[in-house]
Amino acid sequence: MKVSKNIQKKIFLTSWISLHPVDASEANMTPLHHVAAQPAWDFLRPLRNWLDNIQVRDRLLAHRLCKYIPAQCPFERDVKVFGKTLFHIPPMCKLNPLYEEVVGLRFKAMCYLADTCGEDISQYC
């Protein structure tokens, strides 16, 4: 079953950001939940497009991408002393402006290994 074609469309659609601000009354949102409008020009857009358009067609590249891009944010931690949680360090990966594109690239690599190469990808999950 070719999972990658269906999922890649969903990833692309979820990473799309409208450049037009949405009125809070139109979206049935309270002003507290209203997201600030995006700037007219996103200086990271060329890099995002480049990452989105990378085609994984090499087994070695796919293995390297799956190995070096973590499945979970490595910085999220609970700091515990004597079994009691002192504080929680939130996932810093969400602060990365290219986080969605990098995770999407890892997913493309995993789909290539599973669908095209027929390899077991459980080691990367």
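Residue positions are given per chain, counting from 1 as you read along its sequence in written order. A pLDDT threshold of at least 70 governs which residues receive local features in this predicted model, and a stricter bar of 80 or more applies before side-chain atom pairs are shown or counted, although totals over entire chains, interfaces and linings include all residues. Note that water and hydrogens are dropped before the side-chain values are worked out from all heavy atoms of the structure.

The name given to the protein in an unreviewed UniProt entry is Mo-dependent nitrogenase family protein, with the source organism recorded as Dolichospermum compactum NIES-806.

Draft legend 1. Inspection of the nonpolar core at higher detail. If you look at the biggest cluster of nonpolar residues, it comprises 16 residues, and the most contacted ones within it are V56 and L113. Helix numbering and strand numbering both begin at the N terminus, where a helix is a DSSP run of H or I of at least 4 residues and a strand a DSSP run of E of at least 2. Residue contributions to this core peak at five residues, all from helix α4 (residues 99-116). Pairs of residues are marked as contacts when any of their non-hydrogen atoms sit within 4.5 Å. Setting aside residues no more than four positions away along its own chain, V56 makes contact with A62, L65, L105, K108, A109 and Y112. Residues grouped as a nonpolar core are buried Ala, Val, Leu, Ile, Met, Phe, Trp, Tyr and Cys residues, joined through side-chain atoms within 4.5 Å. A 1.4 Å probe rolled over the protein chains alone gives each residue an accessible area, and that area as a share of the maximum for its type sets the label: buried under 20%, exposed over 50%, partly exposed in between.

Draft legend 2. Spotlight on the pattern of salt bridges. Salt bridge, as used here: a side-chain nitrogen of Lys or Arg that lies within 4 Å of a carboxyl oxygen of Asp or Glu. Counting across every chain of the model gives four salt bridges. When the shortest N-O distance is used, the salt bridge between R48 and E101 registers 3.9 Å. Note that R48 is positioned in helix α2 (residues 45-52) and E101 in helix α4, a separation of 53 residues in sequence. Residues R48 and E101 agree in their burial class; the two are buried. Here the salt bridges do not stand alone but share partners, grouping D42, R45, R48 and E101 into one network.

Draft legend 3. Broad picture of helix α3 (residues 59-68). Turning to α3, its buried residues number three or more, namely A62, L65 and C66. All buried residues of α3 project into a common sector of 95 degrees when viewed along the axis, lining one side. What points out from α3, more than 90 degrees from its buried face, is the exposed set K67 and Y68. Elements that come into contact with the buried residues of α3 comprise α4. Taking the helix axis as origin, the arc is that swept by the directions to the C-beta atoms.

Draft legend 4. Focus on the pairing of strand β2 (residues 84-89). Each pair of strands is called paired provided DSSP finds at least two bridges between the two strands. One ladder, built from five bridges, connects strand β1 (residues 77-81) with β2; its direction is antiparallel. Within β2, the position partnered with V79 by the bridge is F87. What sits between β1 and β2 in their antiparallel hairpin is a turn of two residues, with F82 showing a positive phi close to 55 degrees.

Draft legend 5. The arrangement of the confidence of the model for the protein in detail. Per residue, pLDDT captures the predictor's confidence, and it can take any value from 0 to 100. Of the residues in the protein, 68% have a pLDDT of 70 or more, and the chain-wide mean is 78. Contacts for the low-pLDDT stretch residues 11-22, under 50 throughout, to residues beyond four places or in other chains number eleven contacts.

Draft legend 6. Representation of the environment of G104 in the model. Relative to the helices and strands, G104 resides in helix α4. Taking the relative accessible area as the measure of exposure, G104 reaches 9% and is therefore buried. G104 sits 52 residues away from D52 along the chain, and the two C-alpha atoms are 7.5 Å apart.

Draft legend 7. Spotlight on the packing of α2 against α4. Axis geometry follows a simple rule: fit a line to the C-alpha atoms, using only the stretch in contact for helices, then measure angles between N-to-C directions, giving values from 0 to 180 degrees. For the pair α2 and α4, the least separation of the axes is 9 Å and the interaxial angle reads 10 degrees. Between α2 and α4, the crossing angle belongs to the class labelled roughly parallel. Across from R48, L51 and D52 in α2, the residues of α4 making contact are E101, V102, L105 and K108. Working definition: roughly parallel below 35 degrees, roughly antiparallel above 145 degrees, roughly perpendicular at 65 to 115 degrees, and oblique for all remaining angles.

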